[in-house]
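For reference, the chains in residue letters:
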Protein chains: 2
Amino acid sequence: MALENVKHRAKMVMNMATESKKIGAEDPRKILHSLKVGLAMAAVSLIYYFDLFRDGYSTGSGLYAMWAVNTVAVVFEFSIGATIGKGVNRTLATVVGGALGVGAHGATSFAGNTAESIMLAFIIFFICGVATFGRFIPKLKARNDYFFLIVIVTYGLIAVSTFRGEKLIEMAEKRLSTVLVGYATVLVCCCICPCWAGQDLHTLVATNIDTLGTFLADFGDEYFETANSNDKSHEIRASMEGYRAVINSKSVEESLVNFAKWEPRHGKFRYWHPWDHYVKIGAFTRECACKLDALHACLDSDMQAPSGIRERMKEACTAMSSECGNALREAAQGMRTMTRSALADAHVSNAEAGANNLKLLLQTPVWGDARLLDVCPAATVASLLVQIVSCTADVVDSVHQLANLSKFSNPNEVKPHHTHADVVLVNLPIGNVER
Amino acid sequence: MALENVKHRAKMVMNMATESKKIGAEDPRKILHSLKVGLAMAAVSLIYYFDLFRDGYSTGSGLYAMWAVNTVAVVFEFSIGATIGKGVNRTLATVVGGALGVGAHGATSFAGNTAESIMLAFIIFFICGVATFGRFIPKLKARNDYFFLIVIVTYGLIAVSTFRGEKLIEMAEKRLSTVLVGYATVLVCCCICPCWAGQDLHTLVATNIDTLGTFLADFGDEYFETANSNDKSHEIRASMEGYRAVINSKSVEESLVNFAKWEPRHGKFRYWHPWDHYVKIGAFTRECACKLDALHACLDSDMQAPSGIRERMKEACTAMSSECGNALREAAQGMRTMTRSALADAHVSNAEAGANNLKLLLQTPVWGDARLLDVCPAATVASLLVQIVSCTADVVDSVHQLANLSKFSNPNEVKPHHTHADVVLVNLPIGNVER
């Protein structure tokens, strides 16, 4: 039994090690970040050990040096935006909490010792209650959760401390200077290969759009079974499952938006880059991903149209699907290179033309002999594709809006990206698709 | 311009006040929680003001009393599970970080002063690096993020402090006792009208299922336009939009599961209640919600089937949709009352029978004169409903599994819940639907 337990634990540790390796390989910046935090902590501790500032704070119980260590540990986050956001919130909160504490102490000092303490306790009760409630307001929670927490901590700390009324200003001064040393260390270490939340957000949104594009580009071949071998189909199927992650990307995107707003100009992003607009693009992308889920269910459904019917709808459906896919991939590529992509619009027009083409096809009388039950699955795919065309147009439009808002460069300046599929399909004249 | 600014700010404050009022009205427990935090902070500060433990920690700069205040501010979370989780992580992390700190100090004390400090800095670098990386591993992040943070803080604190080698044990002892006072206060205040994450999770999952059920129960009437007045339809449409929130519920559910695991037996939940199973139910519910999104798009699509065709499919589609809706509502009601619901299975069977019925209908030759384009939208709704029937079966099955795992009581013991629609539809014999 004990051996079993040991084996089980050994297995858990092994799994954890494998997972760590995978995480490191997927995003080496995570390893780098860990090293940076270690470096910052070592630097701060050495600064106070050798008393580099000759201020004597490092003597005694290490009370003040502790604040520097604490600051580094708490403030140093993965992205620059998160670090700045936490630092600013912490600083403001300390000042506000401190001012409230000193103010409350001053306002109650006229009273006797016991009366004063009871009044102070009432004020603590009130301030902590309000600050805690502030954490429930979604807008404030997203950006200032940490602010309220630190207001409570600082105010409580000063209230307890001034109960005995000791050297408050000196303490505040010493704390401030050690905290500043902490911030400075974090700032220096941040600048070694910085991770920008804004860049991550931009890449994430573009990758999500690209994932949906790849799904749609592959869908036609998969559904109408024109893929070459079974092995390859298996691989494509696996890559198509990527849309599931897109559906659940909301919370990650929203936190990245909040971090990105704190960041200064970096890379291709100017000041006042329209970060909020990414939430909008993300919402359209997720809506589209949801539709793909319904489409994906059609792939494995037990209701399947006979091959004769599929064959008739194949051309129009494949064209719509791959045009939508190319439009999304083109839009994603435009985002990545921060250029306006004119090709995306052309693909959307082609997809819309494909939808009209499909409607014409469905009105022709060649279907008279088909049983409705057989047509039903194919009709569903067709209708979903029509819905997806309008979704795709929404996504592409919102990417264009981003291009306008953040002044992407013109496509002429940068050579557009062509995948193999692009080259084939872009060259189809629209008239040919509409036929 | 300045006036504009003042007006803008006044408006923002007013909005915030309105929002606060709404949040308070929606969930009065949030107001109560704020009061509880205020109470705990006031209690701790009074304890140290009046030196109730006669230990003298409250004298001096309030250094030790501060830990009690800090503990209350940081550990007191909304739900019991979150509070316990944070408290346990914090305590363990303090012990581990402290032990590492003392150990590192002991291991390097043989060396000279400068050599020792450099070795300590190396150890800090190593430990902080590893602990920071640990925060990137998803499993550990979900449950132990706070643990790693506090290990870093405590270790750094002790390393800096022991650089000058002062009264370490005394400090640890004092810190421990003040932290315990903080925990005790939090524990007492938690027990005033406790908020259980487990209960919230259970309610959330049941409510989500119910929302989807309501959508489906209303869908048939909405799509086939049998609703009475335009006003009422508007109201129903608005209530149907609820499914959107379900799609984005993943992150909330996952954090509630993590909190719930820390909670002791409470209400109807035993020890080892299968909290992980809620993630599974949630996943099926979200999958179903995604399908409803596609269905919802059919409501407002510009491709609509002519009324003749709708009329023919109306009965079967409405039956499927409302049976699915009732199955989900019944399952949700079963979860709420923690009883096994046999009616949900009956509704699922009815819905499956409805799907077969629809297939039969689609095979009859009466459709010969209909244009395919006209049939297409109705066929899509029908196919989506068939997909939704299987999704509904998944959700209901997973709720049954939960009932088995957590030993819900039998339905006979509790009178089942009947909505008006239930009474009408349950009484339809399956044979009648299959016709």
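Keep in mind it's a predicted model, so treat the numbers as computed, not measured.

Procedures and definitions
- Residues numbered from 1 in each chain as written.
- Chains lettered and ligands numbered in written order.
- Predicted model: local features only at pLDDT ≥ 70, side-chain atom pairs only at ≥ 80, totals over all residues.
- Heavy atoms only, no water.
- Helix = DSSP H or I, 4+ residues; strand = E, 2+ residues; numbered from the N terminus.
- Buried < 20%, exposed > 50% of the residue type's maximum accessible area, 1.4 Å probe, protein only.
- Contact = heavy atoms within 4.5 Å.
- Areas by Shrake-Rupley, 256 points an atom, 1.4 Å probe, with all protein chains shown as cover.
- Disulfide = S-S within 2.5 Å.
- Patch = residues over 30% accessible without salt bridge, like charges linked within 9 Å, V, L, I, M, F, W, Y side chains within 5 Å.
- Salt bridge = Lys/Arg side-chain N within 4 Å of Asp/Glu carboxyl O.
- Polar contact = N/O pair within 3.5 Å; in protein donor to acceptor, adjacent residues only side chain to side chain.
- Least-squares fit on C-alpha atoms with pLDDT ≥ 70 in both.
- Buried area = accessible area lost by both parts, 1.4 Å probe.
- Nonpolar A, V, L, I, M, F, W, Y, C, P; charged D, E, K, R; others polar.
- Core = buried A, V, L, I, M, F, W, Y, C linked by side-chain atoms within 4.5 Å.
- Phe/Tyr/Trp six-rings, centres within 6.5 Å; stacked < 30°, edge-to-face > 60°.
- Lys NZ or Arg CZ within 6 Å of the ring centre and 35° of its normal.
- Domains from an automatic or database assignment.
- Axes fitted to C-alpha atoms, helices over the stretch in contact; angles between N-to-C directions.
- Parallel < 35°, antiparallel > 145°, perpendicular 65-115°, else oblique.
- Left-handed = near helix turned anticlockwise from the far one by under 90°.
- 1 Å grid on protein atoms, 1.4 Å probe; cavity = no way out; pocket = protein on both sides within 12 Å on 5 of 7 lines; lining within 4 Å.
- Points joined across faces, edges and corners; volume = space filled by probe spheres on them.

**A look at the overall build of chain A**
Link 1 in the chain: If you tally the helices and strands in chain A, you get 17 helices and zero strands.
Link 2 in the chain: Out of the 435 residues in chain A, the part that is buried amounts to 53%.
Link 3 in the chain: By sequence separation, contacts in chain A at least 24 residues apart represent 83% of the contacts at least 6 residues apart.
Link 4 in the chain: Carbon and sulfur atoms make up 62% of the accessible area of chain A, which amounts to about 19,600 Å² in all.

**Digging into the state of the cysteines**
Link 1 in the chain: Enumeration according to the criterion identifies one disulfide over all chains in this entry.
Link 2 in the chain: Bridging Cys-290 of chain A to Cys-290 of chain B, the disulfide has an S-S length of 2.4 Å. Here the S-S torsion is close to -115°, and the disulfide linking Cys-290 of chain A with Cys-290 of chain B is therefore left-handed. Of the two residues, Cys-290 of chain A is situated in helix 12 (residues 276-299) and Cys-290 of chain B in helix 12 (residues 276-299); the pairing between them involves two chains.

**Describing unusual backbone geometry**
Link 1 in the chain: Backbone geometry places Met-338 of chain A, a non-glycine residue, at a positive phi of 55°.
Link 2 in the chain: With respect to the helices and strands, Met-338 of chain A occurs in the loop between helix 13 (307-337) and helix 14 (342-363).
Link 3 in the chain: On the basis of relative accessibility, which here comes to 8%, the residue Met-338 of chain A falls in the buried class.
Link 4 in the chain: A positive phi is found at Cys-193 of chain B, a non-glycine position, where the angle reads about 40°.
Link 5 in the chain: Position of Cys-193 of chain B among the secondary structure elements: in the loop between helix 7 (168-190) and helix 8 (197-223).

**Section: a nonpolar patch on the surface**
Link 1 in the chain: Taken together, the side chains of Phe-50 and Leu-52 of chain A together with Ile-118 and Phe-122 of chain B make up a nonpolar region of the molecular surface, amounting to roughly 420 Å² of accessible area.
Link 2 in the chain: Taking the relative accessible area as the measure of exposure, Ile-118 of chain B reaches 41% and is therefore partly exposed.

**Concerning the side chain of Thr-185 of chain A**
Residue and element names in this part refer to chain A.
Link 1 in the chain: Mapped onto the fold, Thr-185 is located in helix 7 (residues 168-190).
Link 2 in the chain: Only 2.7 Å separates the side chain of Thr-185 from the backbone oxygen of Val-181, close enough to count as a polar contact.
Link 3 in the chain: Residues contacting Thr-185, with those up to four places away along its chain left out, are Ala-40, Ala-43, Val-44 and Ile-47.

**Quick notes on the relation of the copies chain A and chain B**
Link 1 in the chain: Expressed as a screw transformation, the operator carrying chain A onto chain B has a rotation angle of 180° and an axial translation of 0.0 Å, and the superposed copies differ by an RMSD of 0.1 Å. Expressed as an axis order, the relation between the two copies is that of a two-fold axis. In terms of proximity to the rotation axis, the leading residue of chain A is Thr-380 of chain A, whose C-alpha is 2.2 Å off the axis.
Link 2 in the chain: Mapped onto chain B, 99% of the interface residues of chain A again fall at the interface, so both copies present the same surface.

**Concerning the environment of Leu-385 of chain B**
All names here are of chain B.
Link 1 in the chain: Locating Leu-385 in the fold gives a position in helix 15 (residues 372-405).
Link 2 in the chain: Residue classification places Leu-385 among the buried residues on the basis of a relative accessible area of 1%.
Link 3 in the chain: Spatially, the C-alpha atom of Leu-385 lies 8.9 Å from that of Cys-324, the residues being 61 residues apart in sequence.
Link 4 in the chain: Beyond its immediate stretch of four places on either side in the chain, Leu-385 contacts Leu-216, Leu-295, Cys-317, Met-320 and Ser-321.

**A short note on the environment of Ala-260 of chain A**
All names here are of chain A.
Link 1 in the chain: With respect to the secondary-structure elements, Ala-260 resides in helix 11 (residues 250-260).
Link 2 in the chain: Take Ala-260: its relative accessible area is 0%, and that puts it in the buried class.
Link 3 in the chain: When near neighbours in sequence (up to four residues on either side) are disregarded, Ala-260 contacts Ala-197, Gly-198 and Trp-275.

**Things to note about the interface of chain A and chain B**
Link 1 in the chain: Listed as interface residues are 88 residues of chain A and, on the opposing side, 87 residues of chain B.
Link 2 in the chain: The contact between chain A and chain B buries some 8,100 Å² in all, and 72% of this surface belongs to carbon and sulfur atoms.
Link 3 in the chain: Applying the counting rule to chain A against chain B returns two salt bridges.
Link 4 in the chain: Salt-bridge contacts for Lys-291 of chain A lead to Asp-293 of chain B; the nearest nitrogen and oxygen are separated by 3.5 Å.
Link 5 in the chain: Counting every contact that joins chain A to chain B gives six residue pairs in polar contact (both at pLDDT 80 or more).
Link 6 in the chain: No other element matches helix 2 (residues 28-49) of chain A, which puts 14 residues into the side of chain A that touches chain B.
Link 7 in the chain: Looking at the side of chain A that touches chain B residue by residue, the class counts come to 50 nonpolar, 25 polar and 13 charged.

**A word on the nonpolar core**
Link 1 in the chain: Within the largest apolar cluster, 142 residues are counted, with the highest numbers of intra-cluster contacts made by Leu-295 of chain A together with Leu-295 of chain B.
Link 2 in the chain: Not counting residues up to four positions away in its chain, the partners in contact with Leu-295 of chain B are Phe-215, Leu-216, Phe-219, Val-381, Leu-384, Leu-385 and Ile-388 of chain B.
Link 3 in the chain: If you look at the next biggest cluster of nonpolar residues, it comprises 85 residues, including Ala-40, Ile-137 and Tyr-155 of chain A together with Ala-131 of chain B.

**Section: the packing of aromatic side chains**
Link 1 in the chain: The full count for this structure, using the stated rule, is 18 aromatic pairs over all chains.
Link 2 in the chain: Ring geometry for Phe-219 of chain B against Tyr-223 of chain B: centres 5.6 Å apart, planes inclined by 15°, an arrangement best described as stacked. On the criterion of helical spacing, the pair formed by Phe-219 of chain B and Tyr-223 of chain B is a turn pair, its members being four residues apart in helix 8.
Link 3 in the chain: Its relative accessible area of 3% is what places Tyr-223 of chain B among the buried residues.
Link 4 in the chain: A network of ring pairs unites the aromatic residues Phe-215, Phe-219, Tyr-223, Phe-224 and Tyr-243 of chain A as a single cluster.
Link 5 in the chain: A cation over an aromatic ring shows up here: Lys-86 of chain A above the ring of Tyr-146 of chain A, its NZ or CZ 4.9 Å from the ring centre.
Link 6 in the chain: Sitting over the ring of Trp-262 of chain A, Arg-143 of chain A keeps its end group 4.7 Å from the ring centre.

**Side note on the side chain of Ser-20 of chain B**
Link 1 in the chain: On the secondary structure map, Ser-20 of chain B appears in helix 1 (residues 2-26).
Link 2 in the chain: Within the local environment of Ser-20 of chain B, its side chain forms a polar contact with the backbone oxygen of Met-16 of chain B, the two atoms lying 2.7 Å apart.
Link 3 in the chain: When sequence neighbours within four positions are dropped, the list of residues in contact with Ser-20 of chain B reads Phe-133 and Ile-137 of chain A.

**Quick notes on the domain arrangement of chain A**
You'll often see interface size given as the accessible area lost when the parts meet.
All names here are of chain A.
Link 1 in the chain: Domain assignment breaks chain A into domain 1 (36-190) and domain 2 (197-426).
Link 2 in the chain: Of the residues lining the interface, 11 residues belong to domain 1; the matching set on domain 2 comes to eight residues.
Link 3 in the chain: Roughly 780 Å² of surface becomes buried between domain 1 and domain 2 when both sides are summed, with 64% attributable to carbon and sulfur atoms.
Link 4 in the chain: On inspection of domain 1 and its partner domain 2, the count reaches zero salt bridges.
Link 5 in the chain: Our enumeration of links across domain 1 and domain 2 arrives at one residue pair in polar contact (both at pLDDT 80 or more).

**As for the packing of helix 14 (residues 342-363) of chain B against helix 15 of chain B**
Residues and elements named next belong to chain B.
Link 1 in the chain: As a packed pair, helix 14 and helix 15 sit with axes 10 Å apart at the nearest point and diverge in direction by 160°. Considered as vectors, helix 14 and helix 15 are oriented roughly antiparallel to each other. The two elements helix 14 and helix 15 meet at a crossing, and its hand is left-handed. Contacts from Ala-344, Asp-345, Val-348, Ala-351, Glu-352, Ala-355 and Leu-358 in helix 14 reach Ala-382, Val-386, Val-389, Thr-392, Ala-393, Val-396 and His-400 in helix 15.
Link 2 in the chain: For the contact of helix 14 with helix 15, the class distribution of residues is 10 nonpolar, two polar and two charged.

**Some points on the pattern of salt bridges**
Opposite charge on two side chains allows them to pair when their charged atoms are near.
Residues and elements named next belong to chain B.
Link 1 in the chain: Taken as a whole and assessed by the stated rule, the structure comprises 24 salt bridges over all chains.
Link 2 in the chain: Here Glu-77 and Lys-86 are joined by a salt bridge, their closest N and O atoms 3.0 Å apart.
Link 3 in the chain: Residue classification places Glu-77 among the partly exposed positions, given a relative accessible area of 22%.
Link 4 in the chain: Look at Lys-86 and you get buried, because its relative accessible area is 18%.

**Structural notes on empty space enclosed by the protein**
Residue and element names in this part refer to chain B.
Link 1 in the chain: The final tally for this structure, using the stated rule, is five cavities of 30 Å³ or more.
Link 2 in the chain: Volume-wise, the second largest cavity comes out at about 60 Å³.
Link 3 in the chain: Lining the second largest cavity we find Ala-331, Gly-334, Met-335, Thr-339, Arg-340, Ser-341, Ala-344, Val-396, Val-399, His-400, Ala-403 and Phe-408.
Link 4 in the chain: Of all the secondary structure elements, the ones that give two or more residues to the lining of the second largest cavity are helix 13 (307-337) and helix 15.
Link 5 in the chain: For the lining of the second largest cavity, the leading source of residues is helix 15, giving four residues.
Link 6 in the chain: For the lining of the second largest cavity, the residue count by class is seven nonpolar, four polar and one charged.

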